[in-house]
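Summary of the model geometry
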Amino acid sequence: MSTLTYLDASPRPDPLGDAQAQLSAAVGILGYDDGLAGMLAAPRRQLTVSIPLRRDDGSVEVLTGHRVQHNLSRGPAKGGLRFSPDVTLDEVRALAMWMTWKCALLDVPYGGAKGGVRIDPDRYSHGELERVTRRYTTEISPFIGPERDIPAPDVGTDEQTMAWVMDTYSHQSGHTVLGVATGKPLALGGSLGRATATSRGVVHVALAALLDVGIEPAEAAAAVEGFGKVGRYTARFLAEAGVRVLGVSDAHGAVAAAGGLDISALELHVDAHGTVAGFPGGEAIARTDVLELEVDLLVPAAVEGTINAQNANRIHAMVIVEGANGPTSEQADDILRSRGVVVVPDILANAGGVIVSYFEWVQANQAYWWSADDVESRLKERMLQAWNGVQQKARSHGVSLRTAATVMAVERVANAHLLRGLYP
Ligand code: GLU
């Protein structure tokens, strides 16, 4: 588990401001009145909890956690749980809103949610993280469940975290409830293909976007920011597709090689050392420099706001595929658009994770397991269908892919509101 913290010189990320600006632009295009716009903007529920943690040395530390359910109009809330020292309620609100649009855009029958605990997981033992997860789950348990709100991994959490969430909730329910969380271990009702799903999806749309701007994947060079759950497999699948991956970074460092990194060797190095730093098959570069390498494709797969007003003009890539949620600030988005850079937005690009979470939830609720081929082919079909739909909308309306995607998603959520009517 690793967490990226913001670099001091960069502008402070404002994910909630970015998410609200994206929604406002979509609402303006759709011509909705203030009432409907307000319903789309406001989180339906937000819960902040205290998590008293008994540390291994016997002392007690009180941590803070949040769970925000942004929208429930299309189904139960869905979204990851983040463990990071940078977690704030506003960040969780932004991430929950993006989940609403992501689920609507990919037509998975969920609303959007997100959870976060303000903690640096690298500084806590396995046992401490288990106690944090179980207490947090207990505090939010009245609000979660297979028909209410279904957590999944996000930055700083993994399948072990989801096993603890599932076990804690199941103890409180008196029976095993596999459908309460997704991204679980395979042995506990996880789905084949879930661990790599976000990256598979990123690469499906990245290859389509490269072809769309006239670049053959076999001729392309790429850089990947972040080497965690998303970045690592993205680098692997890009390399498998013939793309030269020239540089990668993680929380501890970055490496680059002009002829392309040997990703298999890099993965072995990361397994042995816990970081890409020190990889002998490349030269060390500054972490921020990975964004500015001379490549065709850039995949930010870390945290929010790493592409910002300060560096947007220095980015060489003509295609950016957002593996992370909210990696591009509103100002950077404007700069990139004016430069003609194609930005495939997060709510489309990284939706593979929640798509296979949906498949996992369906399998768990039916206690019937799909083959890896079933998962992979259905994932690819949904990703490419969404890519085609967004691209056509962007073309026909002369707007960016982000605006097209947000408009399509917001319209679906608004229609659900209108069909359900306002209660009472
Ligand atoms: N945390 C992932 C995301 O941001 C996955 C969410 C999920 O599977 O519910 O999309």
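An account of the accompanying structure is given in this report.

Reading the values: rules and limits
Just so you know, the residues in each chain are numbered from 1, in the order the chain's sequence is written. Predicted model: local features are reported for residues with pLDDT of at least 70 only, side-chain atom pairs are reported and counted for 80 or more only, and whole-chain, interface and lining totals are derived from all residues. Excluding hydrogens and water, the side-chain figures rest on all heavy atoms present in the structure. Going along the chain from the N terminus, every DSSP run of H or I of four or more residues is numbered as a helix, and every run of E of two or more is numbered as a strand. C-alpha atoms define the radius of gyration, and 2.2 Å times the number of residues to the power 0.38 defines the globule rule. Classification of residues uses two cut-offs on accessible area relative to the type maximum, computed with a 1.4 Å probe and protein chains only: under 20% is buried, over 50% is exposed, and between them is partly exposed. By definition in these notes, contact holds between two residues if any of their heavy atoms fall within 4.5 Å. We get accessible surface area from the Shrake-Rupley algorithm with a probe of 1.4 Å; when it comes to residues, only the shown protein chains can shield them. For this count, His and the chain ends are skipped, Lys and Arg are scored as positive, and Asp and Glu as negative. To locate a charge, take atom NZ for lysine, CZ for arginine, CG for aspartate or CD for glutamate. Grouping buried Ala, Val, Leu, Ile, Met, Phe, Trp, Tyr and Cys residues that are joined through side-chain atoms within 4.5 Å yields what is termed a nonpolar core. Take the number of residues in a helix, subtract one, and multiply by 1.5 Å to get its expected span. Nearness is judged by heavy atoms alone; a residue qualifies as near a molecule or strand once a single heavy atom is within 4 Å of it. N or O atoms within 3.5 Å of each other form a polar contact, as long as, within protein, one can give a hydrogen and the other can take it, and as long as residues adjacent in sequence are counted only when both atoms are side-chain atoms. A pair of strands is treated as paired once DSSP finds two or more bridges between them.

1. Quick notes on the overall build of the protein
From N to C terminus, the protein includes 13 helices and twelve strands. Computed over C-alpha atoms, the radius of gyration of the protein comes to 20 Å, within 12% of the 22 Å expected from 2.2 N^0.38 for 424 residues, which places it in the range of a compact globule. With the C-alpha coordinates of the protein rotated into their principal frame, the extents come out at 55 × 55 × 45 Å. Buried residues in the protein amount to 58% of all 424 residues. Considering only contacts in the protein between residues 6 or more positions apart, those separated by 24 or more positions represent 69%. Within the structure as shown, the protein displays about 16,800 Å² of accessible surface, and the carbon and sulfur contribution to it stands at 49%. With 37 positive and 49 negative side-chain charges, the protein shows a separation of 6 Å between the mean positions of the two kinds.

2. Here's the deal with the nonpolar core
Within the largest apolar cluster, 85 residues are counted, with the highest numbers of intra-cluster contacts made by Leu40, Trp101, Val248, Leu266 and Val321. Here Trp101 is in contact with Leu23, Leu40, His70, Ile347, Ala409, Val410 and Val413, once residues within four sequence places are set aside. Formed by 22 residues, the second largest nonpolar core is a distinct cluster that contains Val49, Tyr136, Met162 and Val180.

3. Description of unusual backbone geometry
Residues Tyr423 and Pro424 are joined by a peptide bond in cis, for which omega reads 0°. As for its placement among the helices and strands, Pro424 is situated in the segment after helix H13 (401–420). Residue Ala367 is not a glycine yet carries a positive backbone phi of 50°. With respect to the helices and strands, Ala367 occurs in the loop between helix H11 (352–366) and helix H12 (372–397).

4. Some remarks on helix H6 (residues 197–212)
Compared with the 22 Å implied by 1.5 Å per residue over 16 residues, the 23 Å span of H6 between its first and last C-alpha is a close match. Taken across its 16 residues, H6 has twelve buried, putting it largely inside the fold. Inspection of H6 places Ala197, Thr198, Ser199, Gly201, Val202, Val203, His204, Val205, Ala206, Ala208, Ala209 and Leu210 among the buried residues, and these make up the whole buried set. Downstream of H6 by a residue or two, Gly214 has a phi angle that is positive, lying close to 90°.

5. Looking at the environment of Ala404
Of note, Ala404 is situated in helix H13. By relative accessible area, Ala404 is classed as buried at 1%. Each C-alpha atom of the pair Ala404 and Gln391 lies 7.7 Å from the other, and the pair is 13 residues apart in sequence. Beyond its immediate chain neighbours, meaning those up to four positions away, Ala404 contacts Val390, Lys393, Ala394 and Val399.

6. Points about the site of the ligand
In the vicinity of the ligand there are 14 residues, among which Lys78, Lys102, Asp154, Asn325 and Ser357 approach most closely. Interatomic distance of 2.9 Å between a backbone N/O atom of Pro153 and a nitrogen atom of the ligand. Contact distances for the ligand include 3.2 Å between an oxygen atom and a side-chain N or O atom of Arg194. Contact with the protein chains removes 94% of the 290 Å² of surface that the ligand exposes when unbound. Contributions of two or more residues to the shell around the ligand are made by strand E3 (77–84), helix H3 (89–105), strand E5 (149–153) and H11.

7. Focus on the pairing of strand E10 (residues 297–300)
Here E10 shows two buried faces, one formed by Leu297 and Val299 and the other by Leu298 and Pro300. Taken together, the four bridges between strand E6 (residues 221–225) and E10 define a ladder with parallel strand orientation. Residue pairing across strands places Ala222 opposite Leu297, the latter belonging to E10. Bridge count for E10 against strand E11 (residues 319–321) is two bridges, and the pairing is parallel. Within the sheet, the bridge partner assigned to Leu298 lies in E11 and is Ile320.

8. Thoughts on H12
The terminal C-alpha atoms of H12, which comprises 26 residues, lie 37 Å apart, in line with the 38 Å expected from a rise of 1.5 Å per residue. Three or more residues of H12 are buried, namely Val375, Leu379, Met383, Ala386, Trp387, Val390, Gln391 and Ala394. Check the buried side of H12 and you find it contacts H3, H6, strand E12 (342–344), helix H10 (346–349), H11 and H13. Taken from the residues just after H12, Gly398 is the one with a positive phi, measuring 60°.

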